[in-house]
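# Remarks on the overall topology
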Amino acid sequence: MTEPLLRIEDLHVTFSTRSGPVEAVRGVTLSVAPGEMLGLVGESGSGKSVTGFATTRLLDPAGRVSSGRILYRGQDITKIPDGDFRALHGAAMSMIFQNPRAALNPIRSVGLQIADAILSHKRMSKQAAADEALKLLRAVQIRDPEKRMSAYPHELSGGMCQRVMIAVAISCNPMLLIADEPTTGLDVTTQKVVMDLLAGIAAARGMATILITHDLGLAAQYCARVVVMEKGRLVEEAPPARLFHHPQHAYTKRLVAASPTASSRIEDLVTDEERGQYLAVLAACKPQPEPPAGTPPLLDVRNLAKRYDQGAPAVSNFSMTMKAGESVGLVGESGSGKTTTSRMICRLIDASEGEILFDGESIAHLPAREFHRSPHRKDIQIVFQDPNESLNPRFTAFDCIAHPLLRLSRMRPGDALRQRVEECAARVGLPIDLLSRFPHQLSGGQKARVGIARAIACRPRLLVLDEPTAALDVSVQAVVLQLLDRLRREDCLALLFVSHDLNVVRMMCDRTIVLRSGEIVEAGESRALFDNPQTEYTRELVEAVPQVDRCGFSVQS
Amino acid sequence: MASATLRHALWILRGNRLTAVATSGVFVLVAIAILGPSIAPYDPIASSVSEALLPPSLLHLAGTDQLGRDTFSRLLVAARLDLVIAVAAVGISFVLGAIIGAFCGYAGGRLDRSVGRFVDVMMAFPLFVLAMAMVAALGNRVENIVIATAIINLPFYTRFARAEVNVRRNLGWVEAARASGESHSSVVLRFLLPNVLPAMAVQMSLNLGWAILNAAGLSFIGLGVRPPTPEWGIMVAEGARFISTGKWWLVAFPGLALMLAVLCFNLLGDGLRDILDPRMRT
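The structure displayed is predicted, hence computed values, not measured ones.

Of regular secondary structure, chain A possesses 20 helices and 20 strands. Against the globule reference of 24 Å for 557 residues, chain A gives a C-alpha radius of gyration of 25 Å, in line with a compact fold. With the principal axes as the frame, chain A shows a C-alpha extent of 75 × 50 × 45 Å. Here chain A, with 557 residues, has 46% of them falling under the buried criterion. Of the contacts made within chain A by residues no fewer than 6 positions apart, 69% connect residues no fewer than 24 positions apart.

This brings us to the interface of chain B and chain A. If you look at the interface, chain B gives 19 residues, while chain A gives 24 residues. At the level of elements, α7 (172-179) and α8 (184-220) of chain B are the ones that each hand at least two residues to the side of chain B that touches chain A. Residue contributions to the side of chain B that touches chain A peak at 6 residues, all from α7(B). Of the residues contributing to the side of chain B that touches chain A, the split by class is 7 nonpolar, 7 polar and 5 charged.

Attention now goes to the sheet that holds strand β16 (residues 380-383) of chain A. Residues and elements named next belong to chain A. Ordered by their spatial adjacency, 6 strands build an open sheet running β16-β17-β18-β13-β19-β20, and the pairing between neighbours is mixed. Of all the strands in the sheet, just β16 and β20 (519-525) have a single pairing partner and so form its edges. Across the sheet, the mean angle separating the axes of adjacent strands is 20 degrees when strand polarity is ignored. Judged from the 4 bridges that link them, strand β13 (residues 327-331) and strand β19 (residues 511-516) form a sheet pairing that is parallel. When the sheet's bridge partners are listed, Val-328 is paired in β19 with Arg-511.

This next bit is on helix α2 (residues 17-39) of chain B. Residue and element names in this part refer to chain B. If you check α2, its first and last C-alpha atoms are just 29 Å apart, much less than what 23 residues at 1.5 Å a residue would give, namely 33 Å. The sharpest bend along α2 reaches about 50 degrees and sits at Ala-33, with the proline Pro-37 one to four residues further on. Every buried residue of α2 is listed here: Thr-19, Ala-22, Thr-23, Leu-29, Ile-32 and Gly-36.

For residues that are not glycine, phi is negative in most cases, and the peptide bond is trans in most cases. Residues and elements named next belong to chain A. Phi is positive for Asp-144, close to 50 degrees, though the residue is something other than glycine. Inspection of the secondary structure assignment puts Asp-144 in the loop between α5 (126-139) and α6 (145-148). The class of Asp-144 is exposed, set by 9 C-beta atoms lying within 10 Å. Of note, the phi angle at Ser-517 is positive, near 45 degrees, even though the residue is not glycine. Mapped onto the elements, Ser-517 comes out in the loop between β19 and β20. When the 16 C-beta atoms within 10 Å are taken as the criterion, Ser-517 is described as partly exposed.

All names here are of chain A. The buried count for strand β3 (residues 37-41) comes to 5 of 5 residues, which makes it a mostly enclosed element. Neither face of β3 is open: one carries Met-37, Gly-39 and Val-41, the other Leu-38 and Leu-40, and all of them are buried. As defined by bridge partners, β3 adjoins strand β8 (residues 208-213) across 5 bridges and the pair is classed as parallel. Opposite Leu-40, over in β8, you have Ile-212 as the bridge partner. Sheet topology places β3 next to strand β9 (residues 225-230); 4 bridges connect them, and they run parallel.

Conventions we followed
- Residues numbered from 1 in each chain as written.
- Chains lettered and ligands numbered in written order.
- Predicted model: local features only at pLDDT ≥ 70, side-chain atom pairs only at ≥ 80, totals over all residues.
- Helix = DSSP H or I, 4+ residues; strand = E, 2+ residues; numbered from the N terminus.
- Rg over C-alpha atoms; globule rule 2.2 N^0.38 Å.
- Buried ≥ 20, exposed ≤ 12 C-beta atoms within 10 Å, placed from the backbone.
- Contact = placed C-beta atoms within 7 Å.
- Nonpolar A, V, L, I, M, F, W, Y, C, P; charged D, E, K, R; others polar.
- Pairing = 2+ DSSP bridges.
- Axes fitted to C-alpha atoms, helices over the stretch in contact; angles between N-to-C directions.
- Expected span 1.5 Å × (residues − 1).
- Bend = angle between axes of the 7 residues up to and from the residue.

And the structure:
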């Protein structure tokens, strides 16, 4: 074994907060060999980012390394003064972040920003630095690098910005790159391109990389070794194949189970003991009787289109039908029009043309601003993407769930209302005593449950789910998905699942519709569509999804 | 619920000495405004030439003016008028401005643009001159001071509410309210406005101080409140004539009253935001 490039020994990081000191990292020991790509995986609050920040000394002022050592080539870098550390930044180690647009200076052209990074470590003329920057832009495979030198960050897409960040990070040939969720928030196809690029550059330059991510699949695909963290502790360290097929620690088991793969079924998302319970629940659900022949479909959308003043239509010629109790997935990259479509079906915005039939009855003629009076308002409900933004900060959880009941079911405040709200809370697994809390006092998973409870309070028949789990940790996602699946079976609730996560859609939905630039590219049975995509675009989407089964697929240098 | 809010308010005040001082200052001010005429030791209007221009003493705490009226009594009685003008003006501009601004911020588009330009034009005027012109045109009465002060304050509230609502209008909970059966206007009035209220309360309390100064300023130049009605601005204006002869108390005490009132309202602002925001309640 060669000498490790970076060795972290029993690292403890403490944050001083209003309620006393909090240990974010409690005794992490790990090492990175030169040229190795190490995956650091964990859910929010596991301390994975803090470990990265401690290494590059970018910790929040409230946090400090309370004990342990961080050895870079045998030198303890927690002890050296700030001035000396600055020399290490960039040249020895550098970091890229989750939101590339926020990490770039919005009023400086990207070429200059890369040149700045070079000039801060090397003495050379501005012209030489600019030439160097151009070379780097080529290295990160930006098209038309000469033109892009003078582009500003807002003129570039998210994926392009991340490439520029990578160019800045590798500008001084660091030996170690710490990538903190480098592709979170990017589309799957972009994610694949950026990760392939990163892996290629690391391999070509012999640069070691620590990939910090919440996505086990991503880590498995690109890293030779994966470290799992939970609550500031390192719980398991193994090559991805062993981690996935024979997880040792209880937490890893739970995490691996909860990460949906191409072949997982909804009941697989929990560990074996819990699966029994879930199957029992499913068995108890009576199969819904087939509706008599001639019944119109629950939802029948015909040639829906949405045009804004300028530019191409956001959605055009969108048609679909849904039966009661069916689940349909709507997938596509950002800008594909899936959110616009979901809002039109929810009747929150008006369609420019087209027809929406609910239960055989046209609901599109009533303008969206009048739709709150429609008797079908309570039949179509929606669960929003980010649970942190979907609850009124001035409402308690109880008020949130009670609100549609007061408005749409015309209930009056009193015992009946309280009972119904508690019933909804119980159905989504929200403890009753949390009902008096304000949103900021709830966790992300709890907020998501309040959002779902609110949506099902009036017993809707169609539930539109707008990326309902995108902001949640996988273990919470698993629980939420099972909950939705159960609601569908028990209440014969139709689910329209808008998502960019193909593994989740494949698992949750009977049928899937693929959208691109506002048009349907492909539609059909989920399994068939994903296993045997008919169009090039769908194939690209499916192949871009990091799959656990394809461990160590792309970086073997 | 009410008791929880009160407990929370007390908790904030305990942690923030300055806010507590400002709050008690405002309470004292309000108490004086209510009780003023009954606790004033002398009749604020009755003149007595034999006692004219006496310096502060135990008998006349703040001295007497050129007509022998007790300055201290006049200060106490004036509090009500000054406070009423300020509160009414700020109240009117807050209610109108918040509603106009919130609708503009929520709707966007042409309504937003035209109201926005109108507000820009208003703000391009020197506001005090605008107020003077309005009082002069509408007539020299207290109501008109209130109206003028309210109108020149309106642009600030409109802009503020517009900006605060605009950043929130696409959040999930706003759409959720609509999915729960609220119309656009009730989303604005019952959901968005309460959420921007804490930030606006800060603006309001800063504005109260400013409105008091504005009313006093108008009276100082002879618009609005007319003598012999006691009012801090007029008292400063009348006293100014005697400064050169060393009768400092005629200007100093009303000036001090004005300063303290403005200071209290300004300091109250930050504390109010903490009290009104449920997120601070942990």
